Amino acid sequence: MQTALWKSIINTRTLSIVGMCKNAGKTTVLNRLLSESHGRVLGLTSIGRDGESTDVVTGTEKPGIFIPEGTLFATAKDMLSLCDVTQEIVYTTGIPTPLGEVVLVRARSAGSVQLAGPSITSQLKTVSDLFFSLGAEQAIIDGALGRKSLGARAIAEGVILCTGASYDRRMEKVVGDTANVFRVMNLKKAETVPEESDRPLAEILKASPEALIPGALTDAAVVPLLKSGALRNARLVVKDPSKVLLSPDTLDKLAIRNVTLETVEAAKVLCVTVNPVSAYGWTFDAEAFRNAMQAAVDVPVINVKEAAL
Amino acid sequence: MISIGFDDSVKIGLQYVLETLHPCCPFGAERVRKLRFYAPDERELLETELKNTERAANAADALGPLYEKIMLVLCQLKDIRGSLRRLSEGAILDHVELFELKGFLLRVADLLPLFEKMQETAQANGIAFSDPSAALSVLDPEGTRSRGFYIPDGASEQLRAIRAEKKRLEQRLYEAPDAEKDTIKTERTRVCAEEETEEREIRKAMCTALLPHVPAMLNNADAAGRLDFLIQKALFAKKYGGVRPEITESALELQDMTNPELVDLLKAKGRAFVPVSIATDRGATVVTGANMGGKSVAMKTIALNALLFHAGFPVCAKAAKMPMLHCVRMLFDDAQSMQSGLSGFGSEIVRFNEALKEVEQGYSLFLIDELGRGTNPDEGAVIVQAVTRHLNALDAISILATHYDGVAEHARMHYQIIGLKDVDPDAIKAELSAAHEDGVAVIARHMNYGLYRVEGKADCPKDALNICRMLSMQPEILACIEEAYKE
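All values derive from a computational prediction rather than experimental measurement.

### Focus: the overall build of chain B
Next up, step 1: When its secondary structure is counted, chain B shows 20 helices and 13 strands.
Next up, step 2: Relative to the compact-globule value of 23 Å for 487 residues, chain B shows a C-alpha radius of gyration of 32 Å, a clear excess of over 25%.
Next up, step 3: On the principal axes, the C-alpha backbone points of chain B span a range of 115 × 50 × 50 Å.
Next up, step 4: Across the 487 residues in chain B, those meeting the buried criterion constitute 40%.

Rendered as structure tokens:
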């Protein structure tokens, strides 16, 4: 039987799991996917180091990543002694990390693994291509925290966005910020990209209703233009979602002024997962949290703590 | 011993030659990076290498696809010498190291039939691969020939039992009620530790079994490097028209030699390199010629080809005869030594002394470009004459390029740049006034950079005057110069 989580990702070949914060339930989601893979061969890696058994930031016990037999994974050589699967080394990539070369391993038994994959986008692409050539059906990239992961769209077609009570004590804040990230990540892919220009945004918009933003899009740049009315009905295109550094309030204002925000690189958020339990001692009402989150986004919202996802 | 610094290597175009090579494996790359020059007492080795290269170059057209296949396998070889060293020191190699060793052996096994096929047409003497199958059977006991490395369950009875238990516990972990899971997990951790210990024992046994094969594996790494280098040299010879020189006792003859860097540079400008020929022997040879005439190019090309020869390369010439040399020393214009605080002339003399000391150690090639250029012409001429006389008596081939008068008569041989000797100055002058291009470029186009041997007393080349005339120097001055020549 396919669970809701699997249903949302089944048709996506490469996906990344991105967390709003520590203890958002990223690893729980990953373990769910792995345990419900039903014989599908998955390729698994991470952006940089992840999967330590104790969270080095909060000191809370973190679940390890437990993979079924047959799974392919890519990790730094020094991590291999911390993996208890029976290992078949299948490829050495030559990609260096502080923890040694990234090595591709086929798990010949189930077991726990420690992931420390490449941290450069192009290398992650190399690794996921290798997974497919070695017979993987899907590649999963365990993303990093925060904004950096927005860039994961360059390598993954789909994103699972994980959020939870650990992000903030106020549920509205968690839902609001998650919805904001969701909105930015799910920006429409630009069908045409406006020409790049060095001129100030205000000047470009006088001549044309659209503009490519070469760097970051910030409140400081946008708010004055909103006030002057220069942005009305404009189309702004950013290189990728990580370049959008706008507050939710500004995003709302852009929507009201009929300003379209688009991106050159586009992936899709496939689902949002919520973890109502915070690592810092407070807990949200699971149902209320899920419902509030669901009201804010138009993809499935799944509670990671529920037995059947 | 022949050695060459990076600056000189760049200056004479040796670095350019090395950069045209594309060695595929780390062992081949190392041979290019640490170029080895054969010494006079290694004549047989050099001859073998040169003949190997000649055969490989001659067969390059017929064996092109085979070379490609060999190169493709070589590209996949990784440098396993670090692991082999650890193995010899008694270390237990980890999974990844054993994987790399297995990969190396598998690729050597792929290489063997290709190399044998190459040997049928282009015999490469002195390159021999050891059979990797014995070492391979240690790392691949079940003979699966799979690329991955995995310690199979059957490696020991104990491992089989441990892995079965591990699997059983994993199954139980899925099925057992939550309350029992912690106990099963603890049990599983213990079994995983047992597996690790047993695998370590097996890896240890594998390493012990591999130990006797270390010399063969090192030999294979070396052979792969030599094969890689050989193919690259053959492809180089094909591209730049190399030839195997005949080894002589003392004579040096280069017929129509070229310099790949300049060939390519001029080709890009739509011009062609004029091949240079020289035949010389023990003693001093003086090369004279006008400025712009390419004396330096000739000197550099001689140095380049002498070094290529000693590195087992084909020589870029139509025909070549070369002696084996103790060393090749060059004294070319060197901006770097100026920075050492000495004046241009002072540093030149210091470097000359150093070089001479080395040249005196054995039959060598000594190339000196414009010695004493930085001092006044009267003194300079006297110094160069004396140096030439000294070098003429020395057991070495010394070649001096100079534009000082009266040097050639102290040398055994005298070569001159053909330059503008056979060109009608009026014709060029006409061309210059017709075409509105840079006069220097027009002259350069007509300049013959070849050398010719001057027999007997040399007449002073009048190219400088010719150039003045062609570039329409004021007639009054020209008349003065001509007057002076007559005196």
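The rest of the description comes next.
### Here we look at the overall build of chain A
Next up, step 1: Within chain A, the regular secondary structure consists of eight helices and 19 strands.
Next up, step 2: Whereas a compact globule of 309 residues would reach a radius of gyration of roughly 19 Å, chain A reaches 20 Å, a difference of no more than 12%.
Next up, step 3: C-alpha extents for chain A along the principal axes are approximately 65 × 45 × 35 Å.
Next up, step 4: Counting every position in chain A, which comprises 309 residues, the buried fraction comes to 47%.

### Quick look at the packing of helix α3 (residues 26-33) of chain B against helix α11 (residues 214-240) of chain B
All names here are of chain B.
Next up, step 1: Between α3 and α11, the shortest axis-to-axis distance is 7 Å and the interhelical angle comes to 60 degrees. Considering the relative orientation of α3 and α11, their crossing is right-handed. Across from Phe27, Gly28, Glu30, Arg31 and Val32 in α3, the residues of α11 making contact are Ala221, Asp222, Ala224, Gly225, Asp228, Phe229 and Gln232.
Next up, step 2: When grouped by side-chain class, the residues that make up the contact of α3 with α11 number five nonpolar, three polar and four charged.

### Considerations on the interface of chain A and chain B
Next up, step 1: The partner chain B presents 14 residues to the 14 residues of chain A that form the contact.
Next up, step 2: At the level of elements, β6 (87-92) and β7 (102-107) of chain A are the ones that each hand at least two residues to the side of chain A that touches chain B.
Next up, step 3: By residue number, the principal contributor to the side of chain A that touches chain B is β6 of chain A, which donates five residues.
Next up, step 4: Here the residues of the side of chain A that touches chain B are counted per class, giving five nonpolar, four polar and five charged.

### A few points about the domain arrangement of chain B
All names here are of chain B.
Next up, step 1: Here chain B is described as being made up of domain 1 (38-238) and domain 2 (241-458).
Next up, step 2: If you average the C-alpha positions of domain 1 and of domain 2, the two centres end up 50 Å apart.
Next up, step 3: Facing the 14 residues of domain 1 at the interface are 10 residues of domain 2.
Next up, step 4: When contributions to the side of domain 1 that touches domain 2 are tallied by element, the ones reaching two or more residues are α4 (43-58) and α11.
Next up, step 5: Of the residues that constitute the side of domain 1 that touches domain 2, the class distribution is seven nonpolar, one polar and six charged.

### Considerations on the nonpolar core
Next up, step 1: With 204 residues, the main nonpolar core has Val159 and Leu161 of chain A together with Ala303, Leu307 and Leu367 of chain B as its most contacted residues.
Next up, step 2: It is α11 of chain B that contributes the most residues to this core, 11 residues altogether.
Next up, step 3: Once residues lying within four places of it in the same chain are set aside, the contact partners of Ala303 of chain B are Ile12, Val328, Met330 and Leu367 of chain B.

### Some details on α3 of chain B
Next up, step 1: Along α3 of chain B, the residues classified as buried are Phe27, Gly28 and Arg31 of chain B. Down the axis of α3 of chain B, the buried side of the element spans an arc of 100 degrees, and every buried residue falls inside it.

### Structural notes on the domain arrangement of chain A
Accessible area lost during the coming together of the parts is what is often quoted as the interface size.
Next up, step 1: Each assigned domain of chain A is listed with its residue range as follows: domain 1 (4-185 + 267-303) and domain 2 (188-263).
Next up, step 2: For domain 1 of chain A and domain 2 of chain A, the distance between their C-alpha centroids amounts to 31 Å.

### Let's talk about the sheet that holds strand β12 (residues 188-189) of chain A
All names here are of chain A.
Next up, step 1: Ordered in space as β12-β17-β15-β13, the four strands form an open sheet in which the pairing is parallel. The strands lining the two open edges of the sheet, one partner per strand, are β12 and β13 (210-213).
Next up, step 2: Pairing analysis gives four bridges linking strand β15 (residues 235-238) to strand β17 (residues 260-263), with the strands arranged parallel. Residue Leu236 lies in a different strand from β17, and its bridge partner there is Leu261.

### A word on the pairing of β7 of chain A
Next up, step 1: Most of β7 of chain A sits inside the fold, with six of its six residues counted as buried.
Next up, step 2: Residues Val102, Leu104 and Arg106 of chain A of β7 of chain A are buried on one face, and the alternating residues Val103, Val105 and Ala107 of chain A, pointing to the opposite face, are buried as well.

### Details of the sheet that holds strand β3 (residues 246-248) of chain B
Residue and element names in this part refer to chain B.
Next up, step 1: Here we have four strands laid out as an open sheet, ordered β3-β8-β4-β5, and mixed in their pairing. With one partner strand each, in any of the chains shown, β3 and β5 (276-280) form the two edges of the open sheet. Taking each pair of neighbouring strands and ignoring which way they run, the sheet shows an average axis angle of 25 degrees.
Next up, step 2: Where helix α13 (residues 295-310) meets the sheet, it contacts β4 (252-257), β5 and β8 (319-323), and its direction lies at approximately 115 degrees from that of β4.

### A short note on the environment of Glu170 of chain B
Next up, step 1: Looking at the secondary structure, you find Glu170 of chain B in helix α9 (residues 157-175).
Next up, step 2: Using a count of 18 C-beta atoms within 10 Å as the deciding quantity, one classes Glu170 of chain B as partly exposed.

### Thoughts on the confidence of the model for chain B
Next up, step 1: Mean pLDDT over chain B works out to 88, with 95% of the residues at or above the 70 mark.
Next up, step 2: For this predicted complex, the interface confidence score (ipTM) comes to 0.78, while the overall pTM stands at 0.82.

### Here we look at the environment of Ile155 of chain A
Residues and elements named next belong to chain A.
Next up, step 1: The topology assignment puts Ile155 in the loop between β10 (138-145) and β11 (158-164).
Next up, step 2: For Ile155, a count of 23 C-beta atoms within 10 Å corresponds to the buried category.
Next up, step 3: Measuring from C-alpha to C-alpha, the distance between Ile155 and Ala266 comes to 9.9 Å, with 111 residues separating the pair along the chain.
Next up, step 4: In this view, Ile155 contacts Thr14, Thr121, Leu124, Lys125, Ser128 and Ile141; residues no more than four positions away in its chain are not counted.

### As for the packing of α4 of chain B against α11 of chain B
Residue and element names in this part refer to chain B.
Next up, step 1: Here α4 crosses α11 at 60 degrees, and the two axes come no closer than 8 Å. One finds that α4 runs oblique with respect to α11. In this structure, α4 crosses over α11, and the sense of that crossing is right-handed. Two secondary-structure elements touch here, α4 through Asn52, Thr53, Ala56 and Ala57 and α11 through Leu230, Ile231, Lys233, Ala234, Ala237 and Lys238.

### Some remarks on unusual backbone geometry
Next up, step 1: The backbone of Asn258 of chain A sits at a positive phi, close to 65 degrees, despite the residue not being glycine.
Next up, step 2: Mapped onto the secondary structure, Asn258 of chain A falls in the loop between α7 (248-256) and β17.
Next up, step 3: The backbone phi angle of Glu370 of chain B is positive, close to 55 degrees, even though this residue is not glycine.
Next up, step 4: With respect to the element layout, Glu370 of chain B can be found in the loop between β10 (364-369) and α16 (377-392).
Next up, step 5: For Glu370 of chain B, a count of 20 C-beta atoms within 10 Å gives the class buried.

Cut-offs and rules
Residues numbered from 1 in each chain as written. Chains lettered and ligands numbered in written order. Predicted model: local features only at pLDDT ≥ 70, side-chain atom pairs only at ≥ 80, totals over all residues. Helix = DSSP H or I, 4+ residues; strand = E, 2+ residues; numbered from the N terminus. Rg over C-alpha atoms; globule rule 2.2 N^0.38 Å. Buried ≥ 20, exposed ≤ 12 C-beta atoms within 10 Å, placed from the backbone. Axes fitted to C-alpha atoms, helices over the stretch in contact; angles between N-to-C directions. Left-handed = near helix turned anticlockwise from the far one by under 90°. Contact = placed C-beta atoms within 7 Å. Nonpolar A, V, L, I, M, F, W, Y, C, P; charged D, E, K, R; others polar. Domains from an automatic or database assignment. Core = buried A, V, L, I, M, F, W, Y, C linked by C-beta atoms within 7 Å. Arc of directions from axis to C-beta. Pairing = 2+ DSSP bridges. pLDDT = per-residue confidence, 0-100. Parallel < 35°, antiparallel > 145°, perpendicular 65-115°, else oblique.

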